[in-house]
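These are the residues of each chain, in order.
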Amino acid sequence: MEASRIAIPIGVTLDRFIRSNESQYPQSVGDFSQLLRDIALASKVVNREINKAGLIDIMGSSGSHNTGGDDQQKLDILADIRFSRALLKGGAACAIISEEADSMSILNINGKYIVAIDPLDGSSNIDVNVSIGTIFSVYKRLSNIGEPVTIEDCLQCGTEQVAAGYILYGSSTMLVFTTGQGVNGFTYEATLGEYLLSHPNIIIKPEANTYSINEGNSNSFVQEGIHDYLNECKVEQFAGRYIGSLVADIHRNLLKGGIYLYPATRNNPDGKLRIMFEANSLAFIVEQAGGKASDGIQRILEIVPTSIHQKTPLFIGSSEMVKKLELALNKY
Ligand code: AHG
Ligand code: MN
Ligand code: MN
């Protein structure tokens, strides 16, 4: 009997994948791989803690609020600590900016990279056992190694990302990331403690029949064109799918096709989602998969950020759907 039929190969581990692709970023070989490994390690620890959420006292509100005014859940804080600590120990990043912190934290003045992170996305879904995620972006610092890290190092355009990814803690746990050479997805095999390549070279359909939006906000949408576009979706009898965890909504649309919309509302005139912690990373991934990401006027990746907690409207997903949405907005 053929050996591979007796013992089926486990496939490509994340570590092997990173090593075999190191030639794509020769100037920074070891450090960059170290950084991705640190993020993967922290995500395994967070995954373990999320899985125990109903059993130990880590559910619910911590009683505090972050800069954006959101109620911080205990797991938001815990995930923030896990990722920061892993990156601090790994040494490849000079600083981290996080949705959960007011300002940047310096990690290693000799590190080459800046990490922007939403440690736990969809945190209102923690207590009800619905999928949640982590979103991250990696930039090269602009200042010289060994010199003080500046806010300009952190406030780079999305086009400058050297890597971006998300972890989806769902019915299985997945790490999906890009280094600008396409998008690859890895599924966590908990008994081995390894991420294994399960979704190589993800491509998003240019057109599909799913739209994802919190339509409860419709009376307070600021841009008229949104209503026209949503009417078009209904005329076409598209399926509405909205979980309220951005990572989960985007992941479904990435694999099956669809558009995700979070427009400006009267309460959130700049939209709800953050450029540095949510929009840039997902825009880089979706564009690398062949899709589009827009604020309604311009490419998300070309927005020049002026503060780390800045928000933006977000329209992202299948390219033709995002184009149609932009046309509807531009009629007004
Ligand atoms: P976070 O948990 O990091 O604060 O993000 C919540 C975000 C995002 O995950 C989700 O898509 C969106 O908020 C949901 O907002 P609404 O409840 O307004 O629909
Ligand atoms: Mn979020
Ligand atoms: Mn969050």
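The structure reproduced in this document is the subject of the present report. (Residues numbered from 1 in each chain as written. Chains lettered and ligands numbered in written order. Predicted model: local features only at pLDDT ≥ 70, side-chain atom pairs only at ≥ 80, totals over all residues. Heavy atoms only, no water.)

## Structural notes on the overall build of the protein
Thinking step 1. In terms of helices and strands, the protein carries nine helices and 17 strands.
Thinking step 2. Its C-alpha radius of gyration of 20 Å places the protein within 12% of the 20 Å reference for a compact globule of 332 residues.
Thinking step 3. The principal-axis extent of the C-alpha atoms belonging to the protein is close to 60 × 55 × 45 Å.
Thinking step 4. Counting over 332 residues, the protein shows a buried share of 52%.
Thinking step 5. For the protein, contacts bridging at least 24 residues in sequence account for 64% of all contacts bridging at least 6. (Helix = DSSP H or I, 4+ residues; strand = E, 2+ residues; numbered from the N terminus. Rg over C-alpha atoms; globule rule 2.2 N^0.38 Å. Buried < 20%, exposed > 50% of the residue type's maximum accessible area, 1.4 Å probe, protein only. Contact = heavy atoms within 4.5 Å.)

## Focus: the coordination of the manganese ion (ligand 3)
Thinking step 1. Every protein donor of the manganese ion (ligand 3) is listed here as Glu99 (OE), Asp118 (OD) and Leu120 (O), and their distances to the metal cover 2.2 Å.
Thinking step 2. Positions of the donor residues of the manganese ion (ligand 3), expressed as sequence spacing, correspond to E-x18-D-x1-L.
Thinking step 3. Here the manganese ion (ligand 3) and the manganese ion (ligand 2) are spaced 3.7 Å apart, and both take aspartate 118 as a donor. In terms of burial, aspartate 118 and leucine 120 fall into one category: buried. (Donors = N, O, S within 2.8 Å, 3.2 Å for Na, K, Ca; no water.)

## Thoughts on the side chain of arginine 141
Thinking step 1. Position of arginine 141 relative to the elements: it lies in the loop between β6 (132–140) and α5 (151–154).
Thinking step 2. The charged side chain of arginine 141 is buried without a salt bridge, its nearest counter-charge being aspartate 153 at 4.7 Å.
Thinking step 3. Among the polar contacts listed, one links the side chain of arginine 141 to the backbone oxygen of glutamate 147, at a separation of 2.7 Å.
Thinking step 4. Contact partners of arginine 141, with chain neighbours within four places excluded, come to Cys94, Ile109, Gly111, Lys112, Tyr113, Ile114, Gly146, Glu147, Pro148, Val149, Asp153 and Gln156. (Lys, Arg positive; Asp, Glu negative; His and termini not counted. Salt bridge = Lys/Arg side-chain N within 4 Å of Asp/Glu carboxyl O. Polar contact = N/O pair within 3.5 Å; in protein donor to acceptor, adjacent residues only side chain to side chain.)

## Re the coordination of the manganese ion (ligand 2)
Where a metal carries four tetrahedral donors, each ideal angle is 109.5 degrees; where it carries six octahedral donors, the ideal angles are 90 or 180 degrees.
Thinking step 1. Those protein atoms acting as donors to the manganese ion (ligand 2) are Asp118 (OD), Asp121 (OD) and Glu278 (OE), and they sit at 1.9 to 2.2 Å.
Thinking step 2. Counting gaps between the donor residues of the manganese ion (ligand 2) yields the pattern D-x2-D-x156-E.
Thinking step 3. Using a relative accessible area of 5% as the deciding quantity, one classes aspartate 121 as buried.
Thinking step 4. Accessibility expressed as a relative area gives 2% for glutamate 278, which makes it buried.

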